[in-house]
Amino acid sequence: MMRPVALAILVLLAGVQMAQAGPWLREQGKGFLAGSGNVTQAKDTSGSIYLEYGLRDNITIGADLFYGIDRTLQQSGSGILFARFPLSAPDATHKWAWHLGIGARSQNTVIAPAVEAGLSWGRGIKVGERYGWAVVDSSINVPGSTLETRIKLDGTIGLGFNDHLKGMMQVFLTYQEGALFSKVAPSLLIQPGKGKYTIQIGAEIPTNGDGDTELKIGLWRDF
């Protein structure tokens, strides 16, 4: 069976603006779309699409989709529609939010409905003259049928080097089927031109559990 692949937490700040996941909500009428692909040297591949939209200033809705296929043609996938709500004041230093989602997960020919709930914390940080962000996301995804409950805890630290280049380090922890899987994921975030688009170039490196190092390429857009 294909190893669980934790969905990357993709966070981008412009000033202190959050791009994906984390506790920051979208402004009403503003949105964000991201797509990414991963591949290993042995040609295990996976892809994800992430969408957020500010329904109201205190409600962000979105979709989180994933599909993967490994070298033995084992397949896995998930799709969650979610709503995120704030738990802290808009001007709070420490931001908190929770989300609730419904959708489905799949493993080869098994497709099961799933519900998900999660809690996020984040804040802006400063290192010398550089500004950045820190985020911790947690979630529990409970499917029907014979698929296993999945618990995730992901951490992100990012730092801006200049107006067009940021660095990001993430740690992904996933508990499923009685085993703990962990990865570290360094990335560079490149914003050409006026910053409407961001290119992510990085890697996901297993530190516990099975799996190979993955190359990750992503493209994000604000709208």
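Nothing here was measured: the structure is a model prediction, and the numbers come from that model.

A. Region of the structure containing unusual backbone geometry. We note that Asn-108 has phi near 55°; this positive angle belongs to a residue other than glycine. Among the structural elements, Asn-108 can be located in the loop between β5 (95–107) and β6 (110–127). By relative accessible area, which is 34% here, Asn-108 ends up partly exposed. Here Glu-177, not a glycine, exhibits a phi torsion of approximately 55°, which is positive. As for its position among the elements, Glu-177 is in the loop between β9 (165–176) and β10 (179–190).

B. Local environment of the side chain of Ser-78. As for its placement among the helices and strands, Ser-78 is situated in strand β4 (residues 75–86). Setting aside anything within four residues of it in sequence, one finds Ser-78 in contact with Asp-64, Leu-65, Phe-66, Ala-104 and Arg-105.

C. Quick look at the sheet that holds strand β11 (residues 197–208). The 12 strands lie next to each other as β1-β2-β3-β4-β5-β6-β7-β8-β9-β10-β11-β12, forming a closed barrel whose pairing is antiparallel. Strand after strand, the sheet turns through a mean of 20° between neighbouring axes, direction not considered. In this sheet, β9 lies alongside strand β8 (residues 150–162) in antiparallel orientation, the contact comprising 11 bridges. Opposite Gly-160, over in β9, you have Lys-166 as the bridge partner.

D. Molecular detail of the side chain of Ser-182. Inspection of the secondary structure puts Ser-182 in strand β10. For Ser-182, a relative accessible area of 9% gives the class buried. At 2.6 Å, the side chain of Ser-182 forms a polar contact with the side chain of Thr-207. The contact partners of Ser-182, leaving out residues within four places of it in the chain, are Phe-172, Leu-173, Ile-205, Pro-206, Thr-207 and Asn-208.

E. Inspection of the confidence of the model for the chain at higher detail. Counting all residues, the mean pLDDT for the chain is 89, and 91% of those residues have values of 70 or more. The low-confidence segment residues 1–19, where pLDDT is below 50, has 86 contacts with residues more than four positions distant or belonging to other chains.

F. Quick look at a nonpolar patch on the surface. A surface patch of nonpolar side chains, about 640 Å² in accessible area, is lined by Leu-33, Ile-49, Leu-51, Tyr-53, Leu-55, Ile-61, Leu-65 and Phe-223. Sorting the residues of the nonpolar patch by element identifies β2 (45–56) and β3 (59–69) as the ones contributing at least two each. In terms of residues, the nonpolar patch owes the most to one element, β2, which gives 4 residues. Along the polypeptide, Tyr-53 turns up in strand β2. Exposure remark for Tyr-53: the relative accessible area of 33% places this residue in the partly exposed category.

G. Structural view of the environment of Ser-187. Residue placement: Ser-187 occurs in strand β10. A C-alpha to C-alpha distance of 20 Å links Ser-187 and Leu-51, two positions 136 residues apart in sequence. Non-local contacts of Ser-187, meaning those with residues more than four positions away in its chain, are made with Lys-166, Gly-167, Met-168, Gln-200, Ile-201 and Gly-202. Engagement of the side chain of Ser-187 in a polar contact is seen with the side chain of Gln-200, the distance being 3.0 Å.

The rules behind the values
Residues numbered from 1 in each chain as written. Predicted model: local features only at pLDDT ≥ 70, side-chain atom pairs only at ≥ 80, totals over all residues. Heavy atoms only, no water. Helix = DSSP H or I, 4+ residues; strand = E, 2+ residues; numbered from the N terminus. Buried < 20%, exposed > 50% of the residue type's maximum accessible area, 1.4 Å probe, protein only. Contact = heavy atoms within 4.5 Å. Pairing = 2+ DSSP bridges. Axes fitted to C-alpha atoms, helices over the stretch in contact; angles between N-to-C directions. Polar contact = N/O pair within 3.5 Å; in protein donor to acceptor, adjacent residues only side chain to side chain. pLDDT = per-residue confidence, 0-100. Patch = residues over 30% accessible without salt bridge, like charges linked within 9 Å, V, L, I, M, F, W, Y side chains within 5 Å. Areas by Shrake-Rupley, 256 points an atom, 1.4 Å probe, with all protein chains shown as cover. Salt bridge = Lys/Arg side-chain N within 4 Å of Asp/Glu carboxyl O.

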